[in-house]
Amino acid sequence: MSDNGNNKHQAVRKVSRKNRVCPHKFSFMLDNPLRRLIQNPEKILGEYIKPGDTVVDIGCGPGFFSVDMAKMVGANGTAVVVDMQVAMLESVRKKARRKGVEDRLRFHQCAPDRIGLSIQADFMLAFYMVHETPNAAAFFREAGSMLKKDGKLLVVEPKMHVGQNDFEAMLHVAKNEGLDIIDSPDNKGGRSVLLSRRR
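These lines cover the structure that appears in this document, whether it is placed above or below. Computed from a predicted structure; not experimentally measured.

**Re the environment of Val-155**
Part 1 of the argument: Counting through the fold element by element, Val-155 comes out in strand 5 (residues 147-157).
Part 2 of the argument: Distance from Val-155 to Phe-127, taken between C-alpha atoms, is 5.8 Å for residues 28 residues apart in sequence.
Part 3 of the argument: Those residues in contact with Val-155 that lie beyond four places of it in its chain are Ala-126, Val-130, Phe-140, Met-170, Arg-191, Ser-192, Val-193 and Leu-195.

**Digging into the nonpolar core**
Part 1 of the argument: Counting 31 residues, the largest nonpolar core has Val-56, Met-124, Val-130, Phe-139, Phe-140, Leu-153 and Val-155 as the members making the most contacts within it.
Part 2 of the argument: Beyond its immediate chain neighbours, meaning those up to four positions away, Leu-153 contacts Met-124, Leu-125, Ala-126, Phe-140, Ala-143, Leu-147, Leu-179, Val-193, Leu-194 and Leu-195.
Part 3 of the argument: Ile-49, Val-67, Phe-123 and Leu-194 belong to the second-largest nonpolar core, a separate cluster that totals 26 residues.

**Overview of the pairing of strand 7 (residues 191-197)**
Part 1 of the argument: Extensive coverage of strand 7 is indicated by the burial of 6 of its 7 residues.
Part 2 of the argument: Inspection of the sheet shows strand 5 paired to strand 7 by 5 bridges, in the antiparallel sense. Opposite Glu-157, over in strand 7, you have Arg-191 as the bridge partner.
Part 3 of the argument: Pairing analysis gives 4 bridges linking strand 6 (residues 179-183) to strand 7, with the strands arranged antiparallel. Residue Asp-180 lies in a different strand from strand 7, and its bridge partner there is Ser-196.

**A closer look at the packing of aromatic side chains**
Part 1 of the argument: Enumeration over the complete set of coordinates arrives at 5 aromatic pairs.
Part 2 of the argument: A ring pair is formed by Phe-64 and Phe-65, whose centres lie 5.0 Å apart and whose planes are at 90°; its orientation type is edge-to-face. Each member of the pair Phe-64 and Phe-65 is classed as buried.
Part 3 of the argument: With 5.3 Å between their ring centres and 70° between their planes, Phe-139 and Phe-140 make a pair best called edge-to-face.
Part 4 of the argument: Residue Phe-139 is classed as buried on the basis of its relative accessible area of 7%.
Part 5 of the argument: Judged by its relative accessible area of 1%, Phe-140 falls in the buried class.
Part 6 of the argument: Members of the aromatic cluster, joined through ring pairs, are Phe-64, Phe-65, Phe-127 and Tyr-128.

**Side note on the pattern of salt bridges**
Part 1 of the argument: Going through the model one piece at a time under the given rule, you end up with 8 salt bridges.
Part 2 of the argument: The partner of Arg-93 in a salt bridge is Glu-102, with the nearest N and O atoms 3.6 Å apart.
Part 3 of the argument: Arg-93 sits in the partly exposed class, given a relative accessible area of 25%.
Part 4 of the argument: The class for Glu-102 is partly exposed, based on a relative accessible area of 24%.
Part 5 of the argument: Glu-177 is paired through a salt bridge with Arg-141; the nearest N and O atoms lie 2.9 Å apart. Of this pair, Glu-177 sits in the loop between helix 7 (164-176) and strand 6 while Arg-141 sits in helix 6 (residues 136-145), placing them 36 residues apart in sequence.
Part 6 of the argument: The exposure class of Glu-177 is partly exposed, given its relative accessible area of 23%.
Part 7 of the argument: Look at Arg-141 and you get partly exposed, because its relative accessible area is 46%.
Part 8 of the argument: Where salt bridges share partners, they join Glu-90, Arg-93, Arg-97 and Glu-102 into one cluster.

Conventions and cut-offs
- Residues numbered from 1 in each chain as written.
- Predicted model: local features only at pLDDT ≥ 70, side-chain atom pairs only at ≥ 80, totals over all residues.
- Heavy atoms only, no water.
- Helix = DSSP H or I, 4+ residues; strand = E, 2+ residues; numbered from the N terminus.
- Contact = heavy atoms within 4.5 Å.
- Core = buried A, V, L, I, M, F, W, Y, C linked by side-chain atoms within 4.5 Å.
- Buried < 20%, exposed > 50% of the residue type's maximum accessible area, 1.4 Å probe, protein only.
- Pairing = 2+ DSSP bridges.
- Phe/Tyr/Trp six-rings, centres within 6.5 Å; stacked < 30°, edge-to-face > 60°.
- Salt bridge = Lys/Arg side-chain N within 4 Å of Asp/Glu carboxyl O.

So far we have only geometry, and geometry alone does not tell us how the molecule works.
As structure tokens, then:
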């Protein structure tokens, strides 16, 4: 294997580590009014979601994006929220109930190494979570299988945890798993890429 190949392999390992999941007791840091000033869910996601869509928030945490996604899909749409931690899903449920959109949400507890959903989504969000997966290749393979033919997956990774080389290695893995890059959008809150299934 070339040095370049070794570097990519090492970078993929770095962005696919276990034990980096934010515990529920720190969830207040992920969902607060100050964050909305910097990362506004409607501005970040509004161009990708329309009424009636089926959308998935993978690694939803306490639901910073989830409730806004439920509002965007409207009464005829569905927002599926996915997290490993039951406490996170309960936080989303309570928030959705307060905002009057609980009926548009589906709640799914995933395993650390598997999403485990049978669904065809118009849009999926993986915000600050791919670097927490134990196997990026398995994640992209499964996520890709859950997209409709014209569905889109937005991946956003934090610059403080995922360097440019690591991010490029992640994109290389996504391509190997049958996903194509259709955009590298700015102003999404980190290193960002919009992916679709290879046709």
